[in-house]
Structure formats: C-alpha cells, structure tokens
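Chain residues, written in single-letter form:
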Amino acid sequence: MTDRTAPVAARELPAVAAGDAAPPGTRNTAVLLVFTAVTNLADGVTKVALPLLAAQVSSAPSQVAAVSLTLTLPWLLIALHVGVLVDRFDRRRLLWIADGLRLAAVAALLQLTAAGALSITALCAAGTVLGVAEVIALTSAAALVPAVVPPTGRERANAWITGAETVCNEFAGPFAGGLLLAAGTGFALGATWFSYLAASLVLLLLTGSFRARRPGPVTPGARETVGHQIVTGLRHLWSHRLLRTMSLILTVLCASWGAWLALMPLYATESMGLTPRGYGTLLSALGVGGLVGALAVTRLNRLLGRRRVMGADLAGTFAMMAVPALTGAPWAVAAAAFAGGMGGTLWAVNARTIGQRLVPDHLLGRYTAVTRLFGWGAMPVGSGLVGLLAQGLGPRPAFLVFAALVALAVPAFLRALTPGALSAASGPDA
C-alpha cells in the first residue's frame, strides 16, 4: 500500500530550504484559539436557546425535536460538498461567510422575537442556517491550521483548539445559554450575535496564505466537477491504510459515545438513583476529562508515545460502556466518563495532527469533512441502536454490546497504528 508520508514531507522541506519564512505560529494559534472558543461558546448557547424557544412556541415534542435536528442534520447532508468548497476557496473567507450566516440567522430571530412572530418554521430555518454555518466553520478552521501554523506547533495548536471546542461547545456554552435565557431571550440572542461579530473581527489578525496549495498549475477550464472531487477525496482516504483505519475506528468510538449520551440520562436517574443535579455532575466528568486530555496530550505523547496515547481512547471508551454494564456506583461511572472524555481528546488531537501531516493541502478540506461525517454521523446511529437494545434487553446489556464493539476495534488498531506507521506519520518535526 502506498505510503503518502514521504511525498508530503518532501513538499514541506523544500519550502524551508528555500528560505521561506515560517508563519508566526504562536500568534496564529492564539487567533484560531480565540475564534474557536468564542464561536463554539455561541454555538453552545444556540443549541440550548433554539429548543427552549421552540418549546415556548409549541408543545408538540416532534416539532421541538425537529428544531434540534436542524442544528446537526447539515453534517449528514452537506459535509462532503463543504469539503470540496474548503479545498477550492480561501479558507479564511469561508470562516467569514460562516459567521455572516450566523449573524443573519440570529438577527432574524431577534427581530421575530421582538415582533412576537416567532414560529417553528422560523426556528427550523434559523437552525438550518446555523447548522450549515457550523459545518463550514469547523471544516475550514481545521483545514486552515497547516497553512498558518508551522509543523512544530501544530500538535499544541490542535490540543488547544480541540480543548476549546469540547469545553465551550458542549459545556460552557449550554451553561451560559441557560444563564442568558434566564435574563431574557433578547439578551441571550443579542449576546450571541455580538460573540459571532467579535469572532469575525479576530480573524483579521491571521497572517499567511489561506487558499489550498495545489500540487501543480491549474489548466484553465480543467476544473473537476464537485462529484468527482468528492470521489477523489474518498479514494485518497480509503487508499491510505492508516487514515482509513483511524476513520473506521473513529466511527465505532463515536457510535459508542452517541449510545452513552442517549442512554445515560435514563440509566442515571432510574437505575443509579441520581438527581438531575447529580446527573449534571456525572456528565461534567466528560468535559473535565476532555480538558485534562487537551492540557496533557503533548507531554503524554513524549512520555508514552503516540500509539499508547491514542490507544487510551479505546480503553477509555471501553470503560465508559463496560462500567455501567457492571455496576451502578456513581463514582465508578463518573471515573469511566472522565477516562472516556480524556481519551476522546487525546485521539482527536493526534488524529488531526497526523491527518494534517499526511493529507495534501488541496485535499485537507475533503478529508476533514469525511472524518467528521463518519464520526458525527455515527452518533445518532449509536443513539438509535442503543435505544432498541435497551428496550429489548435492558440498559446494562445494551452498554455491554457497545463495549464489545469497542473491543473488536482493538485488533485493527494494533495492526494499522504500529509504532513505525505513527512515527512516519508524525514526521521529523514531532
């Protein structure tokens, strides 16, 4: 199987030898970190605000669920096409376009709320626009890292950005959303609007080149169709054993996360006897683990090696699924959740760094879109499957089934993610 590492390294090294100045990685990392934190914080607020607004407009559970679905459905419908877009156009401008869509959607909601004309249709439309903007923003930001951060700083940049995504989108954002909504719907939406505006202005501080580098001159009129470019991106991923295996393992892990998040609320309150506050504390163990993973990943990679660190995600996710199947002790389930959250961040940082090293710049948008499609698309599949299993077998056997699925992924991990393959993928800059 062809190894893509050498050609990529060969493309990078001549630039350094030719005397090209490396981009100011520290400054660009800080800019991307601030942009990611602010936009994900605002995204977390909207994920709480829109369903709550829907519940005020309609008491039909299906309509409230439809509003929530619009925020995530674009990942399944347009991720591959957005990947092509990211590989064709200026990636910083795409981030501005994403924030422009967000600003327009939130402004429309503000006007409708002030006029008392808010409806489920309007909320679904706004949710769809915000969901599309999130796909564009996250794909563009991930593909932008190699262009504005030198190789030696990418692992650190990916760690900070991943930590910001985890903490702000999943925990701090929803928490802030609850507080802002308590102060008033207009106040919450207004704060969200100004957050997106501030994030757009921060991008002015980025320096470097923001358009994908082509491997050769582009012949006028020879541009491939969108469908052909999607196939090219998929073929590149599938032809590389390491990248292919990482994506398939990620699918299993994310399906397990979707199952855990779907089943744990009922299991925690009914089987473990936790109050809503206790469940919130249990859930926060995921975020704390993710933050610890982001802070420790660089040091752990040096002490233990990238293979053991990435293997920690399989171990952590296995613990997340196996411990609730064996015991309902809150401390044990929380400890397993902490391990799972930490492992998830360790995997994400290393996988992004490896992908940015192995995937050519002109394919990086499509690669990012495909991997997120696999991962985020697997979560609702895991949620639906665990519901059926729990209905027929009970919650503990359902958890055990997903623990077994994670265990089945271990042999593939050991065969493909060898020390040699990961060392080659990391390159001499690691």
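Since we're looking at a predicted model, the values are computed, not measured.

Time to look at the overall build of the protein chain. Summing up its helical and strand segments, the protein chain has 15 helices and zero strands in all. In terms of C-alpha radius of gyration, the protein chain reaches 22 Å, essentially the compact-globule figure of 22 Å for 430 residues. Dimensions along the principal axes, computed over C-alpha positions, put the protein chain at roughly 65 × 55 × 35 Å. Each of the 430 residues in the protein chain was classed as buried or not, and the buried ones make up 52%. Considering only contacts in the protein chain between residues 6 or more positions apart, those separated by 24 or more positions represent 87%. Working note: accessible area of the protein chain is about 18,400 Å², and carbon and sulfur atoms make up 69% of it. For the protein chain, the centre of its 30 positive side-chain charges and the centre of its 16 negative side-chain charges are spaced 4 Å apart.

Another point: the environment of R352. Mapping R352 onto the fold places it in helix α12 (residues 330-358). Not counting residues within four places of it along the chain, the set of residues in contact with R352 comprises N158, I161, T162, E165 and R372. A polar contact is formed between the side chain of R352 and the side chain of T162, at a distance of 3.3 Å.

We now examine helix α14 (residues 395-416). Between the first and last C-alpha of α14 there are 33 Å, a value that for 22 residues agrees with the 32 Å anticipated at 1.5 Å per step. Of all the positions in α14, only A398, F399, F402, A403, V406, A409, F413 and A416 are classed as buried.

So, about the confidence of the model for the protein chain. Scored by pLDDT, the protein chain comes out at a mean of 84, with 90% of its residues at no less than 70. Here residues 1-23 is a poorly scored stretch, pLDDT under 50, and it has 29 contacts once near neighbours within four places are set aside; other chains count.

A few words on the pattern of salt bridges. Under the counting rule described, the total for this entry stands at nine salt bridges. Here R306 and E155 are joined by a salt bridge, their closest N and O atoms 3.2 Å apart. With R306 in helix α11 (residues 306-326) and E155 in helix α6 (residues 151-183), the pair connects residues that are 151 residues apart, well separated along the chain. Assessed through its relative accessible area of 14%, E155 is described here as buried. Within the structure, one salt-bridge network assembled from shared partners comprises D87, R91, D361 and R366.

Bringing the side chain of T46 into the picture now. In this structure, T46 sits in helix α2 (residues 25-57). When residues no more than four places from it in sequence are discounted, the contact partners of T46 are P51, L71, L130, T192 and Y196.

Once that is clear, we can look at the packing of aromatic side chains. Ring pairs (aromatic) are described by centroid distance and by the angle formed between their planes. Inspection of the entire model under this criterion finds three aromatic pairs. Here the basic side chain of R156 rests over the ring of W160, its NZ or CZ set 5.4 Å away from the ring centre. In this structure, R244 is placed above the aromatic ring of W238, and the distance from its NZ or CZ to the ring centre is 5.4 Å.

What follows is about empty space enclosed by the protein. This model, assessed by the stated rule, comprises two cavities of 30 Å³ or more. T36, L138, A141, I161 and E165 are the residues nearest the centre of the largest cavity, which is lined by 18 residues in total. Among the secondary structure elements, those contributing two or more residues to the lining of the largest cavity are α2, α5 (120-148) and α6. Grouping the constituent residues of the lining of the largest cavity by class yields eight nonpolar, four polar and six charged. A volume near 50 Å³ is recorded for the second largest cavity. Elements with a contribution of two residues or more to the lining of the second largest cavity: α2 and α5.

Conventions used here
- Residues numbered from 1 in each chain as written.
- Predicted model: local features only at pLDDT ≥ 70, side-chain atom pairs only at ≥ 80, totals over all residues.
- Heavy atoms only, no water.
- Helix = DSSP H or I, 4+ residues; strand = E, 2+ residues; numbered from the N terminus.
- Rg over C-alpha atoms; globule rule 2.2 N^0.38 Å.
- Buried < 20%, exposed > 50% of the residue type's maximum accessible area, 1.4 Å probe, protein only.
- Contact = heavy atoms within 4.5 Å.
- Areas by Shrake-Rupley, 256 points an atom, 1.4 Å probe, with all protein chains shown as cover.
- Lys, Arg positive; Asp, Glu negative; His and termini not counted.
- Charge placed at Lys NZ, Arg CZ, Asp CG, Glu CD.
- Polar contact = N/O pair within 3.5 Å; in protein donor to acceptor, adjacent residues only side chain to side chain.
- Expected span 1.5 Å × (residues − 1).
- pLDDT = per-residue confidence, 0-100.
- Salt bridge = Lys/Arg side-chain N within 4 Å of Asp/Glu carboxyl O.
- Phe/Tyr/Trp six-rings, centres within 6.5 Å; stacked < 30°, edge-to-face > 60°.
- Lys NZ or Arg CZ within 6 Å of the ring centre and 35° of its normal.
- 1 Å grid on protein atoms, 1.4 Å probe; cavity = no way out; pocket = protein on both sides within 12 Å on 5 of 7 lines; lining within 4 Å.
- Points joined across faces, edges and corners; volume = space filled by probe spheres on them.
- Nonpolar A, V, L, I, M, F, W, Y, C, P; charged D, E, K, R; others polar.

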